[in-house]
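# Structural features, examined
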Amino acid sequence: MPLFVCFFWSLLIATDLIRNGLKRHRMYLFVFFVAATILYLGHAVFFSRSLEWISLSDWLYSTCNLAVYPLWFLYVCTLTENRHTAADQLIVMLPTIIGCVAVGVQYLIMSPADTALFVEQYLYNNVSNMPSEAANIQAHIHNACKVTFGIQIIPILYFGYRKINRFNQQVNSIYADTENKVVPVAMHYLLILFLVTSAMSFIANVLGRYRFDNSVLLLAIPSLLFTLLLFFIGYICYFQTFTIDDIKSDDLEADELIDKPTNSSELRARIEQVMTDEKLYLQPNLKLHDLVRYVQSNRNYVYNAINKEKGISFNEYVNRLRIDHATRLIEQHKDMSLAEVAEKSGFTSIASFYRNFKQFKGKSPKEYSEGVNL
C-alpha cells in the first residue's frame, strides 16, 4: 500500500513539473516520493524473498531509508527559506551519501558466498556474528545506518517544524488574506504522526525486518499507518503552491516603492488614517506593500510600525478592522446575508470570514447575528 501511494504521488508531481516547470520545492518533493517508492520496493523484494535481487534492493533500501527524512527536510527548506546553499544541502545529505557508498562498496567487495551468508544470517535472521569477515563488516555498516536513521529523525522534524512556523509568521506579517499561502495547520498534526511512525520505523529497524516476515498482521499495522501518513503528506504538499519565492517577489515589488525616512509618529498617524478613515482594509487580497504605497513610505518602516510597535501581525491588524466592520454591517443591516457581509468586509472567502470572526469575537457570525436579531 505505501509503495503504490508513493508511486502515485511521484507520477502526479512529475506531471506537475512537466506542465509548470522545474520549481525547487516541487523537485525535492518529487525526489522524496521517488526515494520512498524505492524504499518500499526494497521491502517488497525482501518480503517476497526474491534472492536474486536482494543485494541490489538492500543497497537501494539502505540508501533511501537514510535519504527520505533529509529530502523531506530539504523540501521544507526550499518551501520556506531561500538562503540555503549547495553546501548546506550537501551537509544535510552527507549521512545518506556515506551510507550509500559504504553499503554499496562492501557489497562489491563481498564474494557471492559472503553475500548469500549475509542475506540469510543477517537480513533474515538478524545474526551479526558470522563466519565471514566481509559479511560481519556489512552487518556493522547496516547497524550504523540504523543508528544514523534514528539520530536524524528528531532534529529534522524539530527544525522542520520551526521553519514552517517561521514561514507562516512571515506570511501573516505581509498578507491580510493567507488562504493557500500559509502551510496548513494539518501539517503540524502530520509532524506529530510523522514522529510516531518514525519511532515505529526506528524500532522496526532495530528489531529487524525479519520479525515481520512471517506475520501478515504485524506487517499490516505499520503498512497502514505509513500509507495514511504518506498519502496526507502528498496531499498537503501537492496543494502547497505558495512558497518563499512568492514572498520574495512581493518584497521586491515593495522595494521599488518610495524609500525615504519617515517620522515614526507621523507614519503611525498616516497608517491609521489610511486604514480606518479611508478603509483600505476593505480591499481584498491586501498586502503590506499596498499600504506602503498609500502611506508613501518604506516597507521596513511600515512593518515595524505594525508588527513591532503595535505588537500584532499585519494579518491580525487588517482582519480585526474587517471583523469590526462586519459586526457593524450585521447590526445595521439585519436582512443582509452573511456571505454578503463577508464580501463587503473585504474577505475573499466565507471560510476566512468565519474563522476570523470566531477568533476575534469568540462566537460565529451566525451566533452573533442571531443575538442581534433577538
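Attention here is on the structure that accompanies the text. What you are looking at is a predicted structure, and each value in this text was computed from that prediction instead of being measured.

### Focus on the overall build of the chain
Each helix and strand in the chain was counted, giving 16 helices and zero strands. The C-alpha atoms of the chain give 27 Å as radius of gyration, which overshoots the globular expectation for 374 residues (21 Å, by more than 25%). Viewed in the frame of its principal axes, the chain has a C-alpha envelope of about 85 × 50 × 35 Å. For the chain, contacts bridging at least 24 residues in sequence account for 72% of all contacts bridging at least 6. With an accessible surface of roughly 18,700 Å², the chain has 62% of that area assigned to carbon and sulfur atoms. Within the chain, one finds 33 positive and 33 negative side-chain charges whose respective centroids are separated by 3 Å.

### Considering the packing of aromatic side chains
This model, assessed by the stated rule, comprises 21 aromatic pairs. Every member of this aromatic cluster is reached through a ring pair, and the members are Phe8, Trp9, Phe231, Phe232, Tyr235, Tyr238 and Phe239. A cation over a ring is seen here: Arg49 above Tyr124, with NZ or CZ 4.1 Å from the ring centre. The ring of Phe347 is capped by Arg322, whose NZ or CZ atom sits 5.5 Å from the centre of that ring.

### Examining unusual backbone geometry
Here the phi dihedral of Asn285 falls at roughly 55°; this positive angle occurs in a residue that is not glycine. Here Asn285 shows up in the loop between α10 (264-277) and α11 (288-295). Residue Asn285 is classed as partly exposed on the basis of its relative accessible area, which comes to 45%. With a phi close to 55°, Gln296 is a non-glycine residue in the positive phi region. By the secondary structure assignment, Gln296 is in the loop between α11 and α12 (299-308). By relative accessible area, which is 38% here, Gln296 ends up partly exposed.

### Comments concerning a nonpolar patch on the surface
Taken together, the side chains of Met1, Phe8, Leu224, Leu228, Phe231, Phe232, Tyr235 and Phe239 present a nonpolar region at the surface, about 800 Å² in accessible area. Considering each element in turn, the nonpolar patch owes the most residues, five residues, to helix α8 (residues 216-238). Here Tyr235 is to be found in helix α8. Note on Tyr235: relative accessible area 44%, which makes it partly exposed.

### Description of the nonpolar core
Core analysis: the biggest nonpolar cluster contains 89 residues, and Trp72, Met275 and Leu291 have the highest contact counts within it. With residues near it in sequence (within four places) discarded, Leu291 still touches Ile271, Val274, Met275, Leu280, Val302, Ile306 and Phe314. Formed by 13 residues, the second largest nonpolar core is a distinct cluster that contains Ala326, Met336, Leu338 and Ala342.

### A few points about the packing of α10 against helix α13 (residues 314-332)
Packing of α10 against α13 brings their axes to within 11 Å, and their N-to-C directions diverge by 40°. When the axes of α10 and α13 are compared, the pair comes out oblique. Contacts between α10 and α13 pair Ile271, Glu272, Met275 and Thr276 from the former with Tyr317, Val318 and Leu321 from the latter. Looking at the contact of α10 with α13 residue by residue, the class counts come to five nonpolar, one polar and one charged.

The rules behind these values
- Residues numbered from 1 in each chain as written.
- Predicted model: local features only at pLDDT ≥ 70, side-chain atom pairs only at ≥ 80, totals over all residues.
- Heavy atoms only, no water.
- Helix = DSSP H or I, 4+ residues; strand = E, 2+ residues; numbered from the N terminus.
- Rg over C-alpha atoms; globule rule 2.2 N^0.38 Å.
- Contact = heavy atoms within 4.5 Å.
- Areas by Shrake-Rupley, 256 points an atom, 1.4 Å probe, with all protein chains shown as cover.
- Lys, Arg positive; Asp, Glu negative; His and termini not counted.
- Charge placed at Lys NZ, Arg CZ, Asp CG, Glu CD.
- Phe/Tyr/Trp six-rings, centres within 6.5 Å; stacked < 30°, edge-to-face > 60°.
- Lys NZ or Arg CZ within 6 Å of the ring centre and 35° of its normal.
- Buried < 20%, exposed > 50% of the residue type's maximum accessible area, 1.4 Å probe, protein only.
- Patch = residues over 30% accessible without salt bridge, like charges linked within 9 Å, V, L, I, M, F, W, Y side chains within 5 Å.
- Salt bridge = Lys/Arg side-chain N within 4 Å of Asp/Glu carboxyl O.
- Core = buried A, V, L, I, M, F, W, Y, C linked by side-chain atoms within 4.5 Å.
- Axes fitted to C-alpha atoms, helices over the stretch in contact; angles between N-to-C directions.
- Parallel < 35°, antiparallel > 145°, perpendicular 65-115°, else oblique.
- Nonpolar A, V, L, I, M, F, W, Y, C, P; charged D, E, K, R; others polar.

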